[in-house]
Amino acid sequence: MALLINEAGFEGMHLGGVSKPDGIYYDGSCGMIVDTKAYAKGYALPVGQADEMIRYIEENKTRGQINANHWWEAFDNNVTCFHYMFVSAEFTGGFEKRLDYIAKRTGICGGALTAKQLLLMAEAVKSGRLDRKESFELFEHNQQVIIPNN
């Protein structure tokens, strides 16, 4: 989260802990819910963790009394368009099927980004090769996001 906030210029916050995503970031009206995973042999996005992201998305959409910690209040009130992102060293198995599952259940698109691709995205945004608003559009296809290394 520090990379995206301090280097790439997004607004946001590290959250983590019980019943919260690992962090959020946003720019203008666009926001991202972030969940990071550290697995030595790759991350396949098990259904249980896909369901956890669904819960985060639904809590953010309803912003009611579902979760007493109100983590979604870290988003600016102007943020009306949301995506989600999983970050891990590597993705394996049928993780893209679970990304589709999340999108079908919530109506919200998202994607997966390796740690290397996250670094490339932050560098592209910081250098001006990728507009912050356009970076959210990369997560509209429920797939692993690849940043061109130009």
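Quick caveat: nothing in here was measured; it's all calculated off a predicted structure. (Residues numbered from 1 in each chain as written. Predicted model: local features only at pLDDT ≥ 70, side-chain atom pairs only at ≥ 80, totals over all residues. Heavy atoms only, no water.)

### Some words on the pattern of salt bridges
Per the counting criterion, the structure on display carries 8 salt bridges. Measuring nitrogen to oxygen at the nearest pair gives 2.4 Å for the salt bridge that ties Glu 7 to Lys 126. Linking Glu 7 in helix H1 (residues 2-7) with Lys 126 in helix H4 (residues 115-127), this pair joins segments that are 119 residues apart in sequence. Residue Glu 7 is classed as partly exposed on the basis of its relative accessible area of 38%. Taking the relative accessible area as the measure of exposure, Lys 126 reaches 53% and is therefore exposed. The partner of Arg 132 in a salt bridge is Asp 27, and the shortest N-O contact between them spans 3.0 Å. Taken together, the residues span a long stretch of sequence, with Arg 132 in helix H5 (residues 132-137) and Asp 27 in strand E2 (residues 23-27) at a distance of 105 residues. Through salt bridges with shared partners, a single network forms among Asp 35, Lys 37 and Glu 52. (Salt bridge = Lys/Arg side-chain N within 4 Å of Asp/Glu carboxyl O. Helix = DSSP H or I, 4+ residues; strand = E, 2+ residues; numbered from the N terminus. Buried < 20%, exposed > 50% of the residue type's maximum accessible area, 1.4 Å probe, protein only.)

### Regarding the nonpolar core
Counting residues in hydrophobic clusters, the biggest one holds 24 residues, and the most contacted among them are Tyr 84, Phe 86 and Ile 102. Elements supplying a minimum of two residues to this core: E2, helix H2 (47-62), strand E4 (81-88) and helix H3 (95-106). The element that contributes the greatest number of residues to this core is H2, accounting for 5 residues. Leaving out residues up to four positions away in the same chain, Phe 86 has contacts with Asp 35, Tyr 43, Leu 45, Gln 49, Met 53, Phe 91, Leu 99, Ile 102, Gly 111, Ala 112 and Leu 113. (Core = buried A, V, L, I, M, F, W, Y, C linked by side-chain atoms within 4.5 Å. Contact = heavy atoms within 4.5 Å.)

### Quick notes on the sheet that holds strand E5 (residues 110-114)
Reading across the sheet, the 6 strands line up as E1-E2-E3-E4-E5-E6 and stay open at both edges, with mixed pairing between neighbours. Edge positions in the open sheet fall to strand E1 (11-14) and strand E6 (143-144), since each of these has one partner strand only. As paired elements, E2 and strand E3 (residues 30-36) share 5 bridges and run antiparallel to each other. Paired with Gly 23 across the bridge in E3 is Val 34. On top of the sheet, H2 reaches E3 and E4; it is set at about 150° to E3, its chief contact. Contacts from H4 reach E2, E4 and E5 within the one sheet, and its direction differs from that of E5 by about 100°. (Pairing = 2+ DSSP bridges. Axes fitted to C-alpha atoms, helices over the stretch in contact; angles between N-to-C directions.)

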